[in-house]
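Spelled out, the chains give:
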Amino acid sequence: LLLGLSLSTMVLAADAAVSTAPKFGVLDWQRLVSTAPQAKEAGKRLEVEFQGVAQKLTEKKNDFQAKQTKMQRDKDVLSVAERAKKEKELVKLEQDIRRMDEELRSESTTRHREEMDDFLRLVREVVEKLGQEQGYDAIFSQEVMVYYADRIDVTDMILEKLQKLPKSAEKKAK
């Protein structure tokens, strides 16, 4: 009788331990950023947004290169005044190119951060919802894990939920 009670107590204790065992998940951010439709769409928006400025910058660089080549070719036949004038134009054009390039990089970086912030906010909402719905105690980023079993990777579940989101839900996160 005592052995039976001890055995049943151990079974109940083990059952209680199993039911209260923490449930963890791991999320691969790099894969999520490279495959989520919202991240891809953000990349396309940025490409379109900066396409015109990048094209103008390329045209200015080509113009500078052509003028510099012409100057090198014609430098011996130009008067000193004409050569000084052309050199001054080239310096100004080069300064304009550098300024445009810096502005493009700065604006592009800022917009990229804004788009990523919006995407990360949306992902966090989806991860929290998944965690609550599926009873996860914690979902960690893969980057902080030394080892984890593939069975606790929740990236595919997150991607599936992101793919099912309507366009209005994506915009709402912004």
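Residues numbered from 1 in each chain as written. Predicted model: local features only at pLDDT ≥ 70, side-chain atom pairs only at ≥ 80, totals over all residues. Heavy atoms only, no water.

### Some points on the pattern of salt bridges
If the charged atoms of two oppositely charged side chains come close together, the side chains can form a pair.
Here comes step 1: Considering all chains together, one arrives at 16 salt bridges under this definition.
Here comes step 2: Here Lys67 ties to Asp63 by a salt bridge, and the two come within 3.5 Å at their closest N and O atoms. On the criterion of helical spacing, the pair formed by Lys67 and Asp63 is a turn pair, its members being four residues apart in helix α3 (residues 37-74).
Here comes step 3: Look at Lys67 and you get partly exposed, because its relative accessible area is 41%. (Salt bridge = Lys/Arg side-chain N within 4 Å of Asp/Glu carboxyl O. Helix = DSSP H or I, 4+ residues; strand = E, 2+ residues; numbered from the N terminus. Buried < 20%, exposed > 50% of the residue type's maximum accessible area, 1.4 Å probe, protein only.)

### A look at the environment of Arg83
Here comes step 1: Of note, Arg83 is situated in helix α4 (residues 80-134).
Here comes step 2: A residue is classified by how much of its surface remains accessible, and Arg83, at 29% relative accessible area, is partly exposed.
Here comes step 3: Apart from the residues lying within four places of it in its own chain, the contact partners of Arg83 are Met71, Lys75 and Leu78. (Contact = heavy atoms within 4.5 Å.)

### Points about the confidence of the model for the chain
Here comes step 1: Per-residue confidence for the chain averages 87 on the pLDDT scale, and 85% of its residues sit at or above 70.
Here comes step 2: The low-confidence segment residues 1-17 (pLDDT under 50) makes zero contacts with residues lying over four places distant or belonging to another chain.
Here comes step 3: For residues 169-174, every residue scores under 50 in pLDDT, and the model assigns this stretch 10 contacts once sequence neighbours within four places are set aside. (pLDDT = per-residue confidence, 0-100.)

### Brief notes about the nonpolar core
General note: in soluble globular proteins, nonpolar side chains tend to be found buried as a group.
Here comes step 1: In this structure, Leu27, Leu32, Phe119, Val123, Ile158 and Leu162 are the most contacted members of the largest nonpolar core, which totals 15 residues.
Here comes step 2: Those elements that provide at least two residues to this core are α4 and α5 (155-164).
Here comes step 3: Looking at which element gives the most residues to this core, the answer is α4, with six residues.
Here comes step 4: Ignoring any residue separated from it by four or fewer positions in sequence, one finds Leu27 in contact with Leu32, Val123, Val127, Ile139, Phe140, Ser141, Gln142, Val154, Thr155 and Ile158.
Here comes step 5: In terms of nonpolar packing, the next biggest core, distinct from the first, is built from 11 residues, Leu57, Phe64, Leu78 and Met100 among them. (Core = buried A, V, L, I, M, F, W, Y, C linked by side-chain atoms within 4.5 Å.)

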